[in-house]
Amino acid sequence: MRILVIGSGGREHALTWKLRQSPHADRIFCASGNAGTGEIAENVAIPISDLIALVRFAKENRVDLTVVGPDDPLAAGIADLFTSEKLRVFGPDKSAARIESSKIFAKELMRSQEIPTAEARTFSNSSDALRYCKRLRFPIVIKADGLALGKGVVIAADAATASSTISDMMNQVRFGDAGRRIIVEEFLHGTECSLHALVDGKNYLLLESARDHKRALDGDQGPNTGGMGAFSPANNWNTKLQSRFDTEIMKPVLRGLVQEGVTFRGLLYPGLIITTEGPRVLEFNCRFGDPETQALLPRMKSDLLPLLEATIDGKIERCAIEWDTRAAVTVVLASGGYPGKYEGGKLISGLDAAAKLEDVQIFHAGTKRDGSEVKTAGGRVLAVTALGSTLEAARARAYEAVSRIHFENCHYRRDIALNAVAANVTDLL
Ligand code: AMP
Ligand code: GLY
């Protein structure tokens, strides 16, 4: 089978790495990929925004299945386009992708199905939003409606921050159309957890739980990033929460989508916060998480390819996933300055020495091959995952691998999974 993976991050390297292990996979292409995918697949220099060129490539190369990594091409309708050209694609169509690309659509869906989430109001006018904020107790959360590269959510600690954020989003139009409408919502206290579900239009199959670390610096300080690390299973998840999640969140959201006339086929990833009253939805994503995927896939023993196919074909009910019971810890190595300004082109050394460690996988993100060398070419550069019989062992091994890798101005968090190590993860499973 010929497969095309769309994207160039750590998530796409992990997907390509996992699909490469399938006995059904023949040639794998990656658009546009990175130095890591280039070692196990054929990189194709087509930008993910060029949907027409991607379709043409898939046709010319007789691609049997296209797997879409990031949210932007899904929001732009890549699945609709491929399907209309009779090409098989994993990822929801444009109308289903709205669950991520419009936070207002997601909020209204949750409201109609009484799915537990933060109390919120929607505004399309900045003076109404400002007036409303004055009545609230801080902190509050302000969200741009559309996709904003993970920067469209601001936790405002006081009225001054709320007012400058609203003005930035709505009057200065900092996020373009994404911020023309906003949501103002209550701040929820709790710990976060990422769940991934393969949804085939009617039924779903859950992957194992994971947690990511969104802030740039140790101790959850600094700005939000795409994700600085992850681990799986999540130490704040258990079977009781899962059964509430099934009845209070997953079943209602699928029912709501059906009522909207939307068929979701792909990966639905609700980002949750576990409060004292139970799980609440912070957001819905319509694709695999990054870096959660880099922690989840090394634990997946089953072949991923038939699972993706069953999702497309509406047959996920017949599937099950076998998991490695060991824990996985993923540490992201970023360019100094990320998520702000950073420099690329730095030589990366020690990749082979790190990869020699048992049960360690190095997933590339912003990397580029330059002759015999590998250089940095993005904010998040690598995701180093290790498995271990305990979370603590996985963590120690991941950091041992990280210590073997060097590039100028490398930045990574030292505390990935640190707080969770104290809890006995296996008790919770
Ligand atoms: P989102 O893109 O909506 O998941 O928001 C990004 C991050 O902002 C989340 O992962 C949380 O850390 C934080 N966040 C979003 N909404 C809330 C909320 N209502 N209460 C507390 N934190 C939130
Ligand atoms: N890890 C957060 C995300 O993929 O959105």
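The shown structure was predicted, so the numbers you read here are calculated from the model rather than taken from an experiment. (Residues numbered from 1 in each chain as written. Chains lettered and ligands numbered in written order. Predicted model: local features only at pLDDT ≥ 70, side-chain atom pairs only at ≥ 80, totals over all residues. Heavy atoms only, no water.)

1. What to know about the site of ligand 1
Right, on to step 1. Near ligand 1 there are 13 residues, and of these Glu185, Leu188, Glu192, Lys214 and Glu283 occur at the shortest range.
Right, on to step 2. A distance of 2.9 Å separates a nitrogen atom of ligand 1 from a polar atom in the backbone of Glu186.
Right, on to step 3. Between Leu188 and ligand 1, the recorded distance is 2.8 Å, taken from a backbone N or O atom to a nitrogen atom.
Right, on to step 4. Surface burial for ligand 1 is 91%, taken as the share of its 470 Å² of free accessible area covered by protein chains.
Right, on to step 5. In the shell around ligand 1, the residues fall into six nonpolar, no polar and seven charged. (Near = heavy atom within 4 Å. Polar contact = N/O pair within 3.5 Å; in protein donor to acceptor, adjacent residues only side chain to side chain. Areas by Shrake-Rupley, 256 points an atom, 1.4 Å probe, with all protein chains shown as cover. Nonpolar A, V, L, I, M, F, W, Y, C, P; charged D, E, K, R; others polar.)

2. Examining the packing of helix H1 (residues 10–20) against helix H12 (residues 304–313)
Right, on to step 1. The N-to-C vectors of H1 and H12 enclose an angle of 105°; their axes lie 8 Å apart at closest approach. The angle between the axes of H1 and H12 places the two elements in the roughly perpendicular class. Every residue of H12 that contacts H1 at Leu15, Lys18 and Leu19 is listed here: Leu304, Leu305 and Leu308.
Right, on to step 2. For the contact of H1 with H12, the per-class residue count stands at five nonpolar, no polar and one charged. (Axes fitted to C-alpha atoms, helices over the stretch in contact; angles between N-to-C directions. Helix = DSSP H or I, 4+ residues; strand = E, 2+ residues; numbered from the N terminus. Parallel < 35°, antiparallel > 145°, perpendicular 65-115°, else oblique. Contact = heavy atoms within 4.5 Å.)

3. Overview of the sheet that holds strand E9 (residues 182–186)
In a beta sheet, neighbouring strands pair by backbone hydrogen bonds and run either parallel or antiparallel.
Right, on to step 1. Within the open sheet, the four strands sit side by side as E6-E9-E7-E8. Their pairing is antiparallel. Each edge of the open sheet carries a strand with a single partner, namely strand E6 (120–123) and strand E8 (153–156). Pairwise comparison of adjacent strand axes, ignoring direction, gives a mean angle of 20° for this sheet.
Right, on to step 2. Pairing of strand E7 (residues 140–144) with E9 involves five bridges; the strand directions are antiparallel. Bridge pairing in E9 places Ala144 opposite Ile182.
Right, on to step 3. Each of E6, E7, E8 and E9 is contacted by helix H9 (residues 159–171), which is oriented at about 5° to E7, the strand it contacts most. (Pairing = 2+ DSSP bridges.)

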